[in-house]
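# Secondary and tertiary structure notes
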Amino acid sequence: MVLGDGLEDNVVTYVDDVVVHSVCFEDHLRHLNTVLGKLTTAGFTINANKCSFCKPQIRMRSCEHVMLSDLKRMLKILET
């Protein structure tokens, strides 16, 4: 696994999608930096035209869940 251990609470992957979610903006920047660094080290390239960064919420095409910046809501969604 390219991303390795330690990010499972803040990263959701599905096929070629990677979603990074965090409780606060400072943590989000740190998580993004870690994920992007690991992807770069592994030799992956990122298409900037397909990326969205620092959004308060998103809808993933690959699943029905809406990822929210509010951790309590996110946990409730993931439990269903």
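Above: the structure in question.
All of the points below concern the structure found in this document. (Residues numbered from 1 in each chain as written. Predicted model: local features only at pLDDT ≥ 70, side-chain atom pairs only at ≥ 80, totals over all residues. Heavy atoms only, no water.)

With that out of the way, let us pick up helix α1 (residues 25-41). The end-to-end C-alpha distance of α1, which contains 17 residues, comes to 24 Å, matching closely the 24 Å that a straight helix rising 1.5 Å per residue would cover. Buried within α1 we find His28, His31, Leu32, Val35 and Leu39. Across the axial projection of α1, the buried residues extend over an arc of 100°, all falling on one side. Every exposed residue of α1 that faces more than 90 degrees away from the buried side is listed here: Glu26, Asn33, Thr40 and Thr41. (Helix = DSSP H or I, 4+ residues; strand = E, 2+ residues; numbered from the N terminus. Expected span 1.5 Å × (residues − 1). Buried < 20%, exposed > 50% of the residue type's maximum accessible area, 1.4 Å probe, protein only. Arc of directions from axis to C-beta.)

Structurally, Asn10 can be placed in the segment before β1 (11-14). Apart from residues no more than four positions distant in its own chain, Asn10 is found in contact with Val19, Val20, His21, Ser22 and His31. (Contact = heavy atoms within 4.5 Å.)

Now for unusual backbone geometry. At Cys54, a residue that is not glycine, the phi angle is positive and equals roughly 60°. Tracing the backbone through its elements, the reader meets Cys54 in the loop between α1 and β3 (57-59). By relative accessible area, which is 35% here, Cys54 ends up partly exposed.

The values are spatial; any link to function lies outside them.
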